[in-house]
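One-letter residues, chain by chain:
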Protein chains: 2
Amino acid sequence: MKSDELFALLRRRGVLWPTAEIYGGAQGLYDYGPLGASLKRQVEEAWVAWFVGLSHDYYRLDPAEILPEAVVRASGHLENFTDPEVSCETCHAAFRAETVLEKIRPEGVDGLVSAQIAEILLANHARCPNCGSTALSVPRPFNLMFGLDFGVTGKERAYLRPETAQSSYLAFPRMWDVGRHALPLGVAVVGKAYRNEIAPRQVLFRMRAFTQAELQIFFDPAGFPVPFARVREEPLPVLRVPRRESGEESPEWVTAADLVASGGLPEFYVYHLVHCYRFFRDVLGYPADRLRLFEKSDRERAFYNRLQFDIEGRLESLGGFKELGAVHYRGEYDLSRHGEGSGKDLSVTLTDGRSVRPHVLELTFGVDRNVWALADLLLGVEGERTLWRLPAYLAPVSVGVFPLIPKAHAAYALRLADELAAANIAVRYDDGGTIGKRYARMDEAGTPFCVTVDAETLAEGEKKDTVTLRERDSRAQTRVAVGELVSRIRTATCLPRPPRY
Amino acid sequence: MKSDELFALLRRRGVLWPTAEIYGGAQGLYDYGPLGASLKRQVEEAWVAWFVGLSHDYYRLDPAEILPEAVVRASGHLENFTDPEVSCETCHAAFRAETVLEKIRPEGVDGLVSAQIAEILLANHARCPNCGSTALSVPRPFNLMFGLDFGVTGKERAYLRPETAQSSYLAFPRMWDVGRHALPLGVAVVGKAYRNEIAPRQVLFRMRAFTQAELQIFFDPAGFPVPFARVREEPLPVLRVPRRESGEESPEWVTAADLVASGGLPEFYVYHLVHCYRFFRDVLGYPADRLRLFEKSDRERAFYNRLQFDIEGRLESLGGFKELGAVHYRGEYDLSRHGEGSGKDLSVTLTDGRSVRPHVLELTFGVDRNVWALADLLLGVEGERTLWRLPAYLAPVSVGVFPLIPKAHAAYALRLADELAAANIAVRYDDGGTIGKRYARMDEAGTPFCVTVDAETLAEGEKKDTVTLRERDSRAQTRVAVGELVSRIRTATCLPRPPRY
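Owing to the predicted nature of the structure, the values given are computational and were not obtained by experimental measurement.

Calculation notes
Residues numbered from 1 in each chain as written. Chains lettered and ligands numbered in written order. Predicted model: local features only at pLDDT ≥ 70, side-chain atom pairs only at ≥ 80, totals over all residues. Heavy atoms only, no water. Contact = heavy atoms within 4.5 Å. Buried area = accessible area lost by both parts, 1.4 Å probe. Salt bridge = Lys/Arg side-chain N within 4 Å of Asp/Glu carboxyl O. Polar contact = N/O pair within 3.5 Å; in protein donor to acceptor, adjacent residues only side chain to side chain. Least-squares fit on C-alpha atoms with pLDDT ≥ 70 in both. Helix = DSSP H or I, 4+ residues; strand = E, 2+ residues; numbered from the N terminus. Buried < 20%, exposed > 50% of the residue type's maximum accessible area, 1.4 Å probe, protein only. Pairing = 2+ DSSP bridges. Core = buried A, V, L, I, M, F, W, Y, C linked by side-chain atoms within 4.5 Å. Domains from an automatic or database assignment. Nonpolar A, V, L, I, M, F, W, Y, C, P; charged D, E, K, R; others polar. Axes fitted to C-alpha atoms, helices over the stretch in contact; angles between N-to-C directions. Phe/Tyr/Trp six-rings, centres within 6.5 Å; stacked < 30°, edge-to-face > 60°.

**Some thoughts on the interface of chain A and chain B**
Listed by partner, the interface residues are 82 residues for chain A and 82 residues for chain B. Counting the surface lost from both chain A and chain B, the interface buries some 6,800 Å², and carbon and sulfur atoms represent 59% of this. Contact with chain B buries area across many residues of chain A, yet Ile-22, Tyr-23 and Val-152 of chain A alone supply 12% of it, more than any other trio. One can count 8 salt bridges joining chain A with chain B. When the shortest N-O distance is used, the salt bridge between Asp-418 of chain B and Arg-500 of chain A registers 2.7 Å. Taken together, the links from chain A to chain B amount to 30 residue pairs in polar contact (both at pLDDT 80 or more).

In structure tokens form, the structure reads like this:
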């Protein structure tokens, strides 16, 4: 489906819609409705189960989204978290320089200074995307953080965090005390980040308020032992820099062992890259042939990142590969900057007596983007039905409960729905329209199971207290005792976990 | 425990700490550590299970926290969401007028205009709480919303929402379409709200970024049918306005039926008040003798609230009764304001052909405050132990898993911990120190169950694959087959739900 068509479907089904829709919306802000809120939460829980599940020493935090100025000064965001912006001197509209240059220079503007961008604009007679004028300003750096007047004096500044990662770095010394005094130590945050994007677009892909899930692993720079043998044969769809620079877009299949042996990557890095890839393929259920591991070059990645692969998905709605997550080896940059900024020594003493400042491996994941990707990759028209092939544990509703004939069977069906809810199962009762219509609504919402209460459920006899259980993908219908439903549904909706290190 | 003492304990255990602690913190902002983040999430889930569980037509949403200016203009927040602020002309510190007047006028400043406050300050020779000077400014209204420059022009304004409620009102027309076209229709939001408090204090009680859980019930003003018979005999600890005005602080026990018959309150209102009270008493487990239902007078409640009872808890750490939740009958104010503000007709047509603009009943709940109240009311020193008597379904960790002798039993215990985690049970593995020390850590964290793997677990014989299960409150120890653990723990940690209407 095209982006507009997909958004229209999601809006109609109450998955999401623009914030303050009755006021005409607000650029780059979206509200999740009942299905979307539940799907987003399930994606978050699946991410936590998988990544925090990597070790007993990995923890989830819930820090505030507002940071004092000293923090974003030390992290470099106050100075450098900018996007070059160009304004039109004719119509006064403002644009990201990248947007204006999109067709002329598809490789983007990363690494170029303002004067270089200005030169390219001029040399190519670049035009305002709004009015077509060539009277474009020299690019100026536009800081993407939202600043706040904090407190009553008007002199104190704070910022909505531009990434959750900073909250985790600040927590490191406290977490060292709370944990086992051992590395690696992992800190996960699932929460909001905010960016005043110059040009929000592509619905959930460039929002001004969005949810990140990020795991920061603090590890001993002298070594991060991982059970690499478990992953060495894993084939990975990789697009490395030399191949990219020769113009290739499609990945090559390379084993994890090859990436280490001939690719020069450390085992700990590839081990985590494999687990990220598996999360997209095995947990979220994305088709492997729609994924690639895209290496960023020196020029493209932030200067403090020693290694960076983005995990990208090929999305029909957005016309190509898009970043869905990434693995950043950030080295000692973060603890070093916050050590200087705060004047606190953020090194720790290990049991062997060495004092080290941990390095950071960051696994980052865009929650909203992946809600969209789940729709793009798994929701579609198949024959006469619209079907969302969500893995059962991600589905907003696990089971639909229907009375075949509402007048006769509603009381039983409602009681059954309550019993399932009491067992913490996400249930939706529906008595509207034909059974076919109700199945169709559930297919569209990705509900893996539907049960129907009918005359046989109520009547004395062999089928008393049994219901028709209908499976979404196969449409197979079987007769099941109501007493078995809880365990059947629970088994199917248990979140997958990785093996621990 | 006193506030400082309680906070020190919570900080030491990694429940919470000030945001950006290494930079000296930020007033009114706190980060939740591993135990706190999990407890807060459990409280949120318990709230959702209970209140969204009231009806199949109640839904949870997840809307953006940023609202365009038109929204907060229509809601009245731009004009009226202010607190009178006084500054000291000697030391330049700023204070809430209420803080300066605290001792002189314990009933607060609600309803007073600036000139009246100025007169009281002067007449009482009020002094600056910081330097003692009497040179205090005339109070000025200080808007508590955080404003944002939204977009690149610097002309567009947006605000961090001061309450989650506004997001739900904006969603009403969309939710009407998504739902069954019937009233009552409930919309629940658990999310952040932001207030630039002049004087943040009392740790989680007046924060600048905090989490609210609010259910907005849109209902037909011609009648909101509830099964009142189910609650009529419920005794409630009520403190009504006349009794308050005679100087009483302690509640009277009154039945729900009495509140309707002789108290003049509508059945639908009292029905929901009972369910709120039950949530605090039965779900959160607060002692009934520490709760009261505190009626707000005309002068104290917002002008659009027709009825308001706060649910208050008597907290030792904060020296008295504090608001933990409330039930607001907001009438037609909200949909009427947003109807005017947006120019959209927010009335709906019911199946009987009537066109109505729904009224709103709001059930509101402060998540952070209740995390604090759970510590104040249920965490304490009992004999030689520090014990957190959290209900099992709220505990951050459901079960601690220990190897009796780490060298001999760790492999089995780790495997068991993984199996429990795979069944979505919150487990913590601990092999540090004596078993007594590990029990003590779990008691302090409120963990309801601990299991210990020992030689008998591993050895062939009758007790193979059994473990010692130790119950937190009673300290009772029983021998249990590992195969039974999942169902034992699940039964104890299932979230309570109310009967549906």
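**Observations concerning the relation of the copies chain A and chain B**
Mapping chain A onto chain B is achieved by rotating through 180° and translating by 0.0 Å along the same axis, at an RMSD of 0.1 Å. Both chain copies can therefore be described as sitting about a two-fold axis. It is Leu-148 of chain A whose C-alpha, among those of chain A, lies nearest the rotation axis, at 3.3 Å. Taken together, the interface assignments show that 100% of the residues at the interface of chain A recur at the interface of chain B, consistent with an identical surface on both copies.

**Things to note about the environment of Asp-473 of chain B**
Residues and elements named next belong to chain B. Topologically, Asp-473 is positioned in the loop between β25 (466-471) and β26 (477-481). Relative accessible area serves as the criterion here: at 27%, Asp-473 is assigned to the partly exposed category. As a C-alpha pair, Asp-473 and Thr-447 span 26 residues in sequence and 9.7 Å in three-dimensional space. What Asp-473 contacts, discounting residues up to four positions off in sequence, is Arg-385, Leu-387 and Arg-389.

**Overview of the pairing of strand β24 (residues 449-453) of chain B**
Residue and element names in this part refer to chain B. Buried residues dominate β24, accounting for 5 of its 5 residues. Of the two faces of β24, the one holding Phe-449, Val-451 and Val-453 and the one holding Cys-450 and Thr-452 are both buried throughout. With 5 bridges connecting them, strand β22 (residues 399-403) and β24 associate as parallel partners. In the strand pairing of β24, Phe-402 is matched with Thr-452. Bridge count between β24 and β25: 4 bridges; the pairing is antiparallel. Counted as the bridge partner of Cys-450 is Arg-470 from β25.

**A look at the nonpolar core**
If you look at the biggest cluster of nonpolar residues, it comprises 86 residues, and the most contacted ones within it are Trp-47, Leu-361 and Trp-372 of chain B. It is helix α10 (residues 267-283) of chain B that contributes the most residues to this core, 11 residues altogether. When residues of this core are assigned to domains, at least three map to each of domain 1 (38-68 + 159-374) and domain 2 (388-492) of chain B. Aside from chain neighbours lying at most four places away, what touches Leu-361 of chain B is Leu-215, Gln-216, Ile-217, Phe-219, Phe-224, Phe-268, Tyr-269, His-272, Val-327, His-328 and Tyr-329 of chain B. Ranked by size, the runner-up nonpolar core spans 85 residues in total, among them Trp-47, Phe-210, Trp-372 and Ala-445 of chain A.

**Quick look at the domain arrangement of chain A**
All names here are of chain A. Domains assigned within chain A are domain 1 (38-68 + 159-374) and domain 2 (388-492). For domain 1 versus domain 2, the distance between C-alpha centres works out to 39 Å. Contacts between the two partners involve 10 residues from domain 1, matched on the other side by 7 residues from domain 2. In total, domain 1 and domain 2 occlude about 680 Å² of area from one another, counting both sides; carbon and sulfur atoms represent 63% of this. Considering only the side of domain 1, the residues that lose the most area to domain 2 are Leu-39, Gln-42 and Leu-374, jointly responsible for 57% of the buried surface there. The tally of links between domain 1 and domain 2 comes to 0 salt bridges. Our count for the contact surface shared by domain 1 and domain 2 stands at 5 residue pairs in polar contact (both at pLDDT 80 or more). Residue assignment for the side of domain 1 that touches domain 2 shows that the elements contributing at least two residues are α2 (34-51) and α10 (267-283). At 5 residues, α2 tops the list of elements feeding residues into the side of domain 1 that touches domain 2. Counted by class, the side of domain 1 that touches domain 2 contains 6 nonpolar, 3 polar and 1 charged residues.

**Points about the sheet that holds strand β25 (residues 466-471) of chain A**
All names here are of chain A. On the basis of which strands lie adjacent, the open sheet formed by 5 strands has the order β23-β22-β24-β25-β26 and mixed pairing. Only two strands of the sheet have a single neighbouring strand rather than two, namely β23 (427-429) and β26 (477-481). Mean inter-strand twist for the sheet, computed between neighbouring axes without regard to direction, equals 30°. Contacts from helix α13 (residues 406-422) reach β22 (399-403), β23, β24 (449-453) and β25 within the one sheet, and its direction differs from that of β22 by about 155°.

**Considering the pattern of salt bridges**
Across all of its chains, the model carries 89 salt bridges over all chains by this definition. With its nearest N and O atoms 3.9 Å apart, the salt bridge here joins Arg-232 of chain A to Glu-233 of chain A. Under the relative-accessibility criterion, Arg-232 of chain A is labelled partly exposed at 37%. Where Glu-444 of chain B meets Arg-13 of chain B, a salt bridge forms, and the shortest distance between an N and an O atom there is 3.0 Å. You can see Glu-444 of chain B sitting in helix α14 (residues 435-445) and its partner Arg-13 of chain B sitting in the loop between α1 (3-12) and β1 (16-18), a full 431 residues away along the chain. Each of Glu-163, Arg-330, Asp-334 and Glu-362 of chain A takes part in salt bridges that share partners, so that together they form one network.

**What to know about the side chain of Thr-164 of chain B**
Tracing the sequence through the fold places Thr-164 of chain B in the loop between β9 (157-160) and α7 (165-178). When near neighbours in sequence (up to four residues on either side) are disregarded, Thr-164 of chain B contacts Val-189, Gly-191, Lys-192, Ala-193, Gln-212 and Glu-214 of chain B.

**Some points on the environment of Ala-199 of chain A**
Residues and elements named next belong to chain A. Within the secondary structure, Ala-199 sits in the loop between β10 (185-194) and β11 (209-219). Sequence spacing of Ala-199 and Ala-94 is 105 residues, and the spatial spacing of their C-alpha atoms is 8.6 Å. Ignoring anything within four residues of it in the chain, the contact list for Ala-199 reads Arg-96 and Arg-206.

**What about the packing of aromatic side chains?**
Taken as a whole and judged by the stated rule, the model has 50 aromatic pairs over all chains. Plain terms: the ring middles of Phe-150 of chain A and Phe-146 of chain B are 6.0 Å apart, the flat faces sit at 10° to each other, and that makes the pair stacked. One end of the pair, Phe-150 of chain A, is in the loop between β8 (147-149) and β9 (157-160); the other, Phe-146 of chain B, is in the loop between β7 (140-143) and β8 (147-149), on a second chain. With respect to burial, Phe-150 of chain A and Phe-146 of chain B carry one shared label: buried. Consider the rings of Tyr-271 of chain A and Tyr-501 of chain A, whose centres lie 5.9 Å apart with planes at 50°: the pair is tilted. Of the two residues, Tyr-271 of chain A sits in helix α10 while Tyr-501 of chain A sits in the segment after α16 (485-493), which places them 230 residues apart along the sequence. Given a relative accessible area of 0%, Tyr-271 of chain A falls into the buried group. We classify Tyr-501 of chain A as partly exposed; its relative accessible area is 25%. Taken together, the ring pairs connect Trp-47, Trp-50, Phe-51, Phe-279, Phe-280, Tyr-286 and Phe-365 of chain A into an aromatic cluster.

**Focus: the environment of Trp-372 of chain A**
Residues and elements named next belong to chain A. The residue Trp-372 is located in helix α12 (residues 367-378) in this model. Linking Trp-372 and Leu-204, residues 168 residues apart in sequence, is a C-alpha distance of 6.5 Å. Those residues in contact with Trp-372 that lie beyond four places of it in its chain are Ser-3, Leu-6, Phe-7, Leu-10, Val-203, Leu-204, Phe-205, Leu-315, Ser-317 and Leu-318.

**Considering the sheet that holds strand β6 (residues 94-96) of chain B**
All names here are of chain B. With respect to topology, 3 strands assemble into an open sheet ordered β6-β5-β7, the strand pairing being antiparallel. Whereas interior strands pair on both sides, the edge strands pair on one side only; in this sheet they are β6 and β7. Adjacent strand axes in the sheet meet at a mean angle of 50°, parallel and antiparallel pairs treated alike. Note: strand β5 (residues 82-87) against β6, 3 bridges, orientation antiparallel. Residue pairing in the sheet places Glu-85 in a bridge with Arg-96 of β6.

**Points about helix α11 (residues 333-342) of chain A**
All names here are of chain A. Counting buried residues in α11 gives 7 out of 10 residues, a clear majority hidden from the surface. Looking at α11, one finds that the buried residues are Tyr-333, Asp-334, Leu-335, Ser-336, His-338, Gly-339 and Ser-342. Contact partners of the buried residues in α11: α3 (69-74), α7 (165-178), β11, β16 (320-331) and β19 (359-366). Gly-343 occupies a position one or two residues after α11 and carries a positive phi of about 70°.

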